[in-house]
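Chain by chain, the residues run as shown.
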Number of protein chains: 4
Amino acid sequence: MNQAIPTSADAWLSWGQHFLKTQPFSALIGAQITGLDRGRSELSLPLSPQLLQQHGFAHGGVVSYLADNALTFAGGTALGGDALTLEFKINYVRPAVGEMLIARAHAEATGKTQAVCRCNVYAVKDGEEKLCAVAQGTIVPVPAK
Amino acid sequence: MNQAIPTSADAWLSWGQHFLKTQPFSALIGAQITGLDRGRSELSLPLSPQLLQQHGFAHGGVVSYLADNALTFAGGTALGGDALTLEFKINYVRPAVGEMLIARAHAEATGKTQAVCRCNVYAVKDGEEKLCAVAQGTIVPVPAK
Amino acid sequence: MNQAIPTSADAWLSWGQHFLKTQPFSALIGAQITGLDRGRSELSLPLSPQLLQQHGFAHGGVVSYLADNALTFAGGTALGGDALTLEFKINYVRPAVGEMLIARAHAEATGKTQAVCRCNVYAVKDGEEKLCAVAQGTIVPVPAK
Amino acid sequence: MNQAIPTSADAWLSWGQHFLKTQPFSALIGAQITGLDRGRSELSLPLSPQLLQQHGFAHGGVVSYLADNALTFAGGTALGGDALTLEFKINYVRPAVGEMLIARAHAEATGKTQAVCRCNVYAVKDGEEKLCAVAQGTIVPVPAK
């Protein structure tokens, strides 16, 4: 993150969209930030065929990637600076079938040294969202160099 | 998994390599199974530039994908059939820098309905392995149709 | 759980209070069920001196006990029968200081074979609640004999 | 922890036994440290009737207490100072039946700011150990005042 901390949801969203573009892996997969504010994030991911596993569902690694990244953005904006995921846990609760994934995360508890965040991942099929994964993780500030 | 359960490490490895090829996402990323036996798995992943994040490390989503998949293979072979990850948890302990990732997993406790597995992910740089992530997860059999 | 599933919050609460009394460890600690309904639970625990650690806070084991039990009740009522915690994860976010702990849990995703539940644990001091732990876990039905 | 860091397994053990006595909750439950060294710990707990749940097994909260504490000691000795559990995850894999619980933990990855530790909990019945829980957690140094 830059030193200037965004002060509006629009500014956070622009910042996040720029940030995500700097990640080659996020570009490869095609993830988009569709919402960002202090302590809250929403990432969306169109489910192209290459993101599936052998049964036609989104691969678990795709779902966990999106959850992990959404957690990081929720925690990073809560902490007000560049951040990374220290650890997280994810429960898969339903096969991720549909045309898109949406991950929504928020900071549940924010301190000076960590933000504990929660995330739900939904699969969107025919316009209907179904919960497919539930996650929780610890986000920490990136140490200053 | 097919009904015929492999009975040797070689047969497991062939089975696993075939299985991984059926996953479009694993092919996209370039993951390989380099070891497989009852209750044990090793997956390797050459770190091409598109798998990195903005700091030049492997993206966390790549590391967790590899851990998740290694856990599934360790648990699936332990349970003796087609399996999936119910949930898992991962701690990132060091930036994943180098030319390759290697994930090694094993089943720590195997029952009829679940295998609880552990996984370490190593980054290989200049031939030296360094531990970069530590994971634990629950693998369950795929319900028969 | 008995075969007759409670159909009101009052009936759930009576059932839960009876159930908790059958656990010697819960009686030893002094936990109480103060709210119970389908997919929701609230447990309370007065912080007697014997529940503390060396710094005067509630021992982490006390906090995790309460979270674990609240998760089980939320999942058990969601699943509609006797249930147990398959696994859970907890983040401690603040020292648990005060005269009482309150754990509130709910089922975030309920299926036939599992309920994925979330729980917050609060420490109450001078009447004010402060979040001290955040948990997530998997509750499964007890197999019929 | 005191400022003088123990330099032998015997010294660590004495230190740990003294430390555990300062925790009222550990005394209430009756936990004992039966092994301690840099990055390794073993805690034992005789299963008195008051530690059980309604089915005659050790209550999950007792098992998770022991795992949590063993993780903290393994991480604290690895980090070389007073430490606490930031978060942990536990899988219950078998009912804890028997006369004693034994938790063995070790630091899998130790850095300056955290130790990621693993723990197995065994139930001892008629002298035979059976694995009943598998845990992983993050231990951090207690901030200096």
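A quick note: this is a predicted structure, and the numbers were derived from the prediction, not measured.

1. Points about the sheet that holds strand S1 (residues 32-37) of chain C
- In space, the 12 strands of this open sheet follow the order S1(C)-S2(C)-S4(C)-S5(C)-S6(C)-S3(C)-S3(D)-S6(D)-S5(D)-S4(D)-S2(D)-S1(D), with antiparallel pairing throughout. With one partner strand each, in any of the chains shown, S1 of chain C together with strand S1 (32-37) of chain D form the two edges of the open sheet. Adjacent strand axes in the sheet meet at a mean angle of 20° when their direction is disregarded.
- Relative to strand S2 (residues 40-46) of chain C, S1(C) runs antiparallel, the two being bridged by five bridges. Looking across to S2(C), one finds that Gly35(C) is bridged to Glu42(C).

2. Some words on the interface of chain B and chain A
- Counting residues at the interface gives 27 residues for chain B and 27 residues for chain A.
- Elements with a contribution of two residues or more to the side of chain B that touches chain A: helix H2 (24-29), helix H3 (60-79) and strand S3 (83-92) of chain B.
- Examining the composition of the side of chain B that touches chain A, we find that eight residues originate from one element, S3(B), more than from any other.
- Judged from the five bridges that link them, strand S3 (residues 83-92) of chain A and S3(B) form a sheet pairing that is antiparallel. Looking across to S3(B), one finds that Phe88(A) is bridged to Ile90(B).

3. Observations regarding the environment of Ala96(A)
All names here are of chain A.
- Within the element layout of this structure, Ala96 appears in the loop between S3 and strand S4 (100-110).
- Residue Ala96 is classed as buried on the basis of its 28 C-beta neighbours within 10 Å.
- Between the alpha carbons of Ala96 and Val121 there is a distance of 9.0 Å; along the sequence they are 25 residues apart.
- Apart from the residues within four sequence positions on either side, Ala96 is in contact with Phe57, Ala58, Val63, Leu101, Ala123 and Cys132.

4. Focus on the sheet that holds strand S6 (residues 128-141) of chain A
- Reading across from one edge, S1(A)-S2(A)-S4(A)-S5(A)-S6(A)-S3(A)-S3(B)-S6(B)-S5(B)-S4(B)-S2(B)-S1(B) is the order of the 12 strands in this open sheet, with antiparallel pairing throughout. Here the strands that pair on one side only, and so sit at the sheet edges, are strand S1 (32-37) of chain A together with strand S1 (32-37) of chain B. For this sheet, the mean inter-axis angle between neighbouring strands, taken without regard to orientation, is 20°.
- Here strand S5 (residues 115-125) of chain A pairs with S6(A) via 11 bridges, running antiparallel. Residue pairing for S6(A): Lys125(A) is matched across the bridge by Glu128(A).

5. Focus on the relation of the copies chain D and chain A
- When chain D is brought onto chain A, the operation consists of a screw motion whose angular component is 180° and whose axial shift is 0.0 Å, with 0.0 Å RMSD remaining. What the superposition gives is, in effect, a two-fold axis relating one chain to the other.

6. Description of the relation of the copies chain B and chain A
- Note on the copies: chain B fits chain A at an RMSD of 0.0 Å, the axial shift is 0.0 Å, and the rotation between them is 180°.
- Of all interface residues in chain B, 100% are interface residues in chain A too; the two copies therefore contact each other through one and the same surface.

7. So, the confidence of the model for chain A
- Per-residue pLDDT for chain A averages 92, and the proportion of residues at 70 or more is 96%.
- For this predicted complex, the interface score ipTM comes out at 0.93, while the overall pTM is 0.95.

8. Observations concerning the pairing of S2(C)
Residue and element names in this part refer to chain C.
- Linkage of S1 to S2, two consecutive antiparallel strands, is achieved through a turn of two residues, within which Gly39 is found at a positive phi near 80°.
- Pairing geometry for S2 and strand S4 (residues 100-110), over seven bridges, is antiparallel. Looking at S4, one finds that Ser41 is bridged to Ala105.

9. Comments concerning the packing of helix H3 (residues 60-79) of chain A against H3(B)
- Look at H3(A) against H3(B): their axes get within 9 Å of each other, and the N-to-C directions meet at 140°. One way to sum up the angle between H3(A) and H3(B) is to call them oblique. Crossing geometry of H3(A) relative to H3(B) is assigned as right-handed. Together, Gly60(A), Gly61(A), Ser64(A), Tyr65(A), Asp68(A) and Asn69(A) of H3(A) and Gly60(B), Gly61(B), Ser64(B), Tyr65(B), Asp68(B) and Asn69(B) of H3(B) make up the contact between the two elements.
- In the contact of H3(A) with H3(B), the residues fall into two nonpolar, eight polar and two charged.

Reading guide: rules and limits
Residues numbered from 1 in each chain as written. Chains lettered and ligands numbered in written order. Predicted model: local features only at pLDDT ≥ 70, side-chain atom pairs only at ≥ 80, totals over all residues. Pairing = 2+ DSSP bridges. Helix = DSSP H or I, 4+ residues; strand = E, 2+ residues; numbered from the N terminus. Axes fitted to C-alpha atoms, helices over the stretch in contact; angles between N-to-C directions. Contact = placed C-beta atoms within 7 Å. Buried ≥ 20, exposed ≤ 12 C-beta atoms within 10 Å, placed from the backbone. Least-squares fit on C-alpha atoms with pLDDT ≥ 70 in both. pLDDT = per-residue confidence, 0-100. Parallel < 35°, antiparallel > 145°, perpendicular 65-115°, else oblique. Left-handed = near helix turned anticlockwise from the far one by under 90°. Nonpolar A, V, L, I, M, F, W, Y, C, P; charged D, E, K, R; others polar.

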